[in-house]
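Chain by chain, the residues run as shown.
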Amino acid sequence: MEVELLELLKDLETLKRSLPDSSLHASIDKMRLRVDYVTNLANAAPARRSKVKDMSAEVVDTNPYSRLMALQRMGIVENYERIREFSVAIVGIGGVGSVAAEMLTRCGIGRLLLYDYDKVELANMNRLFFRPEQVGMTKTDAAVQTLSDINPDVVLESYTLNITTVQGFDTFMSSLKNKTFRPSKEGSGVDLVLSCVDNYEARMAVNQACNELNQIWMESGVSEDAVSGHIQLLVPGETACFACAPPLVVASGVDERTLKREGVCAASLPTTMGVVAGLLVQNTLKLLLQFGNVSPYLGYNSLKDYFPTMEMKPNPQCSNAACLERQKEYMLTKPVRDAAAKAKLEAAASVALEGPLHADNEWNISVVDDSDPDSIDGATSDALPEGLKRELPTADEFQNTPPAAVPTTTTVDDLEELRKQLEALNAE
Amino acid sequence: MEGWDTSTKSTLTQIPLLSAKAGPRDGASWTQRLKEEYKSLIAYTQMNKSNDNDWFHISAANPEGTRWTGKCWYVHNLLKYEFDLQFDIPVTYPSTAPELELPQLDGKTQKMYRGGKICLTVHFKPLWAKNCPRFGIAHALCLGLAPWLAAEVPILVDSGMIKHKDDSSSSAES
C-alpha cells in the first residue's frame, strides 16, 4: 500500500509539471496533501505480525512464544514446540468453545478445526470472545477472523454445519479423517476432539463419531443455571463413553426447586464458562504435551467452590455398538499393556530398590492391586461421588416380546404402502 | 409418568411401540425402523381422527425418511392456531429424540432454542431416554409437542405474541 501511495504522489507531480495551466496547481497540491495524510494513516494502522518458522525461546518483547517456551526451562514441559504438530477439533464455538479456541491459538497449537452452525447474536455478549460488530456473522467465520489476527501461525479450518444431521455428520467424520496436515500421524487426522456443545444430541453425535474413529476426546459442559460445569476425558474402549451411562451433572448443592425458574431455558455467565474453558484447555495441554495428571472427570460447583473428580469404566452393556467394539479391542491389548507396565515398574524398581523391603516374609504377604482397571465385572457401579448426579434415567430393560396387538387397520409391511396410507390420512 | 393427565396416558398406551433400534446410518435396519415409525404414526393419526382430536399432519420430506415436515395446530378459545412443523432424524436416533421445530415461533417464546426448536428438556427427554428404543416419532409428538402447545399457545395468544389468521388487525401468522 505504501508503494502504491508513493507511485500516486509521483504521478501527481508529473501531472502538475505537464500542465501548462497553473491555475490547477493549487488543487493538485491539495490532492498531494491528502495522499500524505492517507500514507500517515496507513503507517499508523497496526501491522499483522508475520508467521514465524520456529518457536524461539529467546526472551525479547517481539517473540510471541517466549513465555510459553519458558515452560521448558522451568521443567514443566519437555518439548513445548511439539504443540505445532497437533490438530484439535472444537465442536461448538459458543461460550466455552470460542474461549478454548482462543486459548489454544495463543498457545500456538498447530491446527484448529472449528464446527458450529449458529450465528453471533447480541444475546451472546455476556460471554467472552465475540464482539458486537461480529453480530450476524457465523460463529465459525467470526472466530477465524479474530483467531487469525491473534496468531497467524495456527492453521484454521471452519465448518458451518450441524453435526447431528445425516449430512453434517458425514462431513464431520471426513474432516476428522483428513490427514493432509500431518500425513505421518497414526489413526485419524486430529489429536483430540473437544466437545463444547450445549445439548445432549450433539454430544451423542460427537460420541458416535469418536467411538467409530477410535478418537480420544474431551467433553465439557456448563449447567443451564450457569453455576456449575464439568470436563470429562473419553478414551474409546478404555473409559466410559458418553452413551455408557446417563450423563453426569454437578449437583448445585442447594434445593433444586429454589433454582429452577419457569420459562427460562438457559442462563449463562462469562465466569463459569471461562473457568470451564480454562479447565478444558489445561487438561488438553497436559494430555498433548505430557505433563501433570490428566483428569478423567472434573466437576465444578461454583456455589460451594467444590471440584469433584471420578473415573468411569466402560459399560459392557453399552447401547453403542462402536463402543463395545472398542472395549473388545482394548481387552485384547491387555497383555501388551501389562508387559509395558511391568517393564516400567521393573525399571523403576531396579533404580529405587537395592535389597528386598523385608528380609523374611513368614506369612507370604504380598500387596495386590485391587483396582485392576481392566477387569469388567459385568455391572458398572451406580455409586457416584458426593455432589454428582445423573441427568437422565437409564433405559428400562428392553423386552424383545412384541408389544400387545393394537387396534389398527395396518397390516401391510411395505414402506411405500405405509407412506401412502399416512398421506391418505393427512389428506382426509 | 406421574403428573401426566389421564387422557394423555391412555392415548400413549394405544400408540404402538417400536422395537428396531436403528438410526439413519444403519441401512436395512433403518428401513425396518422407518416402517415401524409409519405404523405407529398411522395408528396414532387414526386414533386422533376417531376421537375427533386430529392435531397434526406429518410426512417424510425425503425418501430416506430423515427429514419430516408438516403442520400442527391447537384450538384456544374456539380459534384454531396452526404452525409449520419440521424436524430432522438425528444420526444418533433413537438414542436421542428428534428436535421438534416450529420455525414460525422462533424468537417469540423463551421455551425454545434457536431455530424454533421447542424446549423438551424437563418434560420429555427423561421419558424418551427411559423408553429407548420403544418410543418413536408418534410418541415424541404425543408427549413432547402436544403438552408444549397446550402450555405455550394460550400464553402466546393472551400476550399478543401470536394472532389468529382471521384477526384483521394483525400481519402475524397464525
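Rules used throughout
- Counting restarts for each chain, with residues numbered from 1 along the sequence as it is written.
- Whichever chain is written first is A, and whichever ligand is written first is 1; the rest continue in order.
- The predicted nature of this model means local features are confined to residues of pLDDT at least 70 and side-chain atom pairs, given and counted, to a pLDDT of 80 or more, with totals for whole chains, interfaces and linings taken over all residues.
- The basis for every side-chain value is the complete set of non-hydrogen atoms in the structure, without hydrogens or water.
- Per the convention used, a helix needs a DSSP run of H or I reaching at least four residues, while a strand needs a run of E reaching at least two, with both numbered from the N terminus.
- Only protein chains enter the calculation, and the probe is 1.4 Å; a residue is then buried if its accessible area is under 20% of its type maximum, exposed if over 50%, and partly exposed in between.
- Contact between two residues is taken to exist if any of their heavy atoms lie within 4.5 Å; hydrogens are not considered.
- Per-residue accessibility takes into account occlusion by the displayed protein chains alone, with areas from the Shrake-Rupley method and a 1.4 Å probe.
- UniProt positions are given in the numbering used here, feature names are shortened, and annotations may be inferred rather than shown by experiment.
- Values labelled buried area give the accessible surface lost by two parts on being combined, using a 1.4 Å probe and summing over both.
- We count a salt bridge whenever a side-chain nitrogen from Lys or Arg sits within 4 Å of a carboxyl oxygen from Asp or Glu.
- Residues are grouped as follows: Ala, Val, Leu, Ile, Met, Phe, Trp, Tyr, Cys and Pro are nonpolar; Asp, Glu, Lys and Arg are charged; every other residue, Gly included, is polar.
- One bridge is not enough; two strands pair if DSSP finds at least two bridges between them.
- If you view a crossover with the strands going away from you and the path from the first strand over the helix to the second runs clockwise, you call it right-handed.
- Working convention: axes come from line fits to C-alpha atoms, limited for helices to the stretch in contact. Angles between N-to-C directions cover 0 to 180 degrees.
- Should an angle lie under 35 degrees it is considered roughly parallel, over 145 roughly antiparallel, and from 65 to 115 roughly perpendicular; all remaining angles are considered oblique.
- Rotating anticlockwise by less than a right angle from the far helix to the near helix defines a left-handed crossing, while the corresponding clockwise rotation defines a right-handed one.
- Polar contact is the term for a pair of N or O atoms within 3.5 Å; when the atoms are in protein, one must be able to donate a hydrogen and the other to accept it, and sequence-neighboring residues count only if both atoms are side-chain atoms.

**So, the overall build of chain A**
Right, on to step 1. If you tally the helices and strands in chain A, you get twelve helices and nine strands.
Right, on to step 2. A buried classification covers 41% of the 428 residues belonging to chain A.
Right, on to step 3. When contacts within chain A are restricted to residue pairs at least 6 apart in sequence, long-range pairs at least 24 apart make up 65% of them.
Right, on to step 4. With an accessible surface of roughly 24400 Å², chain A has 55% of that area assigned to carbon and sulfur atoms.

**Some points on the UniProt feature "active site" (unreviewed entry) in chain B**
Right, on to step 1. In the numbering used here, UniProt assigns the feature "active site" (unreviewed entry) to Cys119(B).
Right, on to step 2. Locating Cys119(B) in the fold gives a position in the loop between strand E5 (117-118) and helix H3 (125-130).

**With respect to the interface of chain A and chain B**
Right, on to step 1. Taken together, the contact pairs 46 residues of chain A with 46 residues of chain B.
Right, on to step 2. Of the roughly 4200 Å² buried between chain A and chain B, counting both surfaces, carbon and sulfur atoms make up 60%.
Right, on to step 3. Between chain A and chain B we count four salt bridges in total.
Right, on to step 4. For the side of chain A that touches chain B, the secondary structure elements donating two or more residues are helix H6 (166-177), helix H7 (200-213) and helix H12 (415-427) of chain A.
Right, on to step 5. At eight residues, H12(A) tops the list of elements feeding residues into the side of chain A that touches chain B.
Right, on to step 6. Taken together, the residues that form the side of chain A that touches chain B break down as 21 nonpolar, 13 polar and twelve charged.

**Thoughts on the pairing of strand E3 (residues 155-160) of chain A**
When a strand is regular, its side chains alternate between the sheet's two faces.
All names here are of chain A.
Right, on to step 1. Note: strand E2 (residues 111-116) against E3, six bridges, orientation parallel. Across the sheet, Leu 112 pairs through a bridge with Leu 156, a residue of E3.
Right, on to step 2. Since E2 and E3 lie parallel, the crossover through helix H5 (residues 139-150) that links them has a hand, and here it is right-handed.

**A look at the environment of Ile28(A)**
Residues and elements named next belong to chain A.
Right, on to step 1. One can find Ile 28 in helix H2 (residues 25-44).
Right, on to step 2. The exposure class of Ile 28 is buried, given its relative accessible area of 5%.
Right, on to step 3. Residues Ile 28 and Thr 62, spaced 34 residues apart in sequence, show a C-alpha to C-alpha distance of 41 Å.
Right, on to step 4. Residues contacting Ile 28, with those up to four places away along its chain left out, are Leu 12, Leu 15, Lys 16 and Leu 19.

**Side note on the pattern of salt bridges**
Right, on to step 1. For the coordinates displayed, the defined rule picks out 26 salt bridges over all chains.
Right, on to step 2. Across the pair Arg25(B) and Glu212(A) runs a salt bridge, and its minimum N-O distance is 2.7 Å. Taken as a pair, Arg25(B) in the loop between helix H1 (6-14) and helix H2 (28-50) and Glu212(A) in helix H7 lie in two separate chains rather than in one.
Right, on to step 3. The class of Glu212(A) is partly exposed, set by a relative accessible area of 30%.

**With respect to the packing of H12(A) against H2(B)**
Right, on to step 1. Direction vectors running N to C along H12(A) and H2(B) enclose 25°, while the axes themselves pass 9 Å from each other. On the basis of their axis angle, the class for H12(A) and H2(B) is roughly parallel. For the element pair H12(A) and H2(B), the recorded crossing hand is left-handed. Contact residues: H12(A) offers Leu415(A), Leu418(A), Arg419(A), Gln421(A), Leu422(A) and Leu425(A), while H2(B) offers Thr31(B), Leu34(B), Lys35(B), Tyr38(B), Lys39(B), Leu41(B), Ile42(B), Thr45(B), Gln46(B) and Lys49(B).
Right, on to step 2. Of the residues assigned to the contact of H12(A) with H2(B), the class counts are eight nonpolar, four polar and four charged.

**Let's talk about the sheet that holds strand E2 (residues 67-76) of chain B**
Residue and element names in this part refer to chain B.
Right, on to step 1. A sheet is described by the order of its strands in space; here three strands give the open sequence E1-E2-E3, paired in antiparallel fashion. Both outer strands of the open sheet, strand E1 (56-60) and strand E3 (79-88), are each paired with one neighbouring strand and no more. Within the sheet, the average angular offset between the axes of one strand and its neighbour, ignoring direction, is 10°.
Right, on to step 2. Of the strand pairs in this sheet, E2 and E3 are connected by ten bridges, and their pairing is antiparallel. When the bridges of E3 are listed, Val 75 appears paired with Lys 80.
Right, on to step 3. Contacting E1 and E2, H2 crosses the sheet at an angle of about 160° to E1.
Right, on to step 4. The strands touched by helix H4 (residues 137-158) within the sheet are E1, E2 and E3, with E2 carrying the most contacts at an inclination of about 45°.

**Things to note about the side chain of Ser188(A)**
All names here are of chain A.
Right, on to step 1. Tracing the backbone shows Ser 188 in the loop between H6 and strand E4 (192-195).
Right, on to step 2. Take Ser 188: its relative accessible area is 7%, and that puts it in the buried class.
Right, on to step 3. A distance of 3.1 Å separates a polar atom in the side chain of Ser 188 from the backbone oxygen of Val 190.
Right, on to step 4. One polar contact links Ser 188 to Gln 215, side chain to side chain, over a distance of 2.4 Å.

**Looking at unusual backbone geometry**
Right, on to step 1. Following Tyr93(B), the chain continues into Pro94(B) via a peptide bond in cis, with omega recorded as 0°.
Right, on to step 2. Among the structural elements, Pro94(B) can be located in the loop between E3 and strand E4 (112-113).
Right, on to step 3. At the junction of Cys132(B) and Pro133(B), the peptide bond is cis and its omega measures out at 0° in the coordinates.
Right, on to step 4. With respect to the helices and strands, the residue Pro133(B) is situated in the loop between H3 and H4.
Right, on to step 5. Positive phi outside glycine occurs at Asp305(A), with the angle close to 45°.
Right, on to step 6. In this fold, Asp305(A) is placed in the loop between strand E8 (297-301) and helix H10 (321-332).

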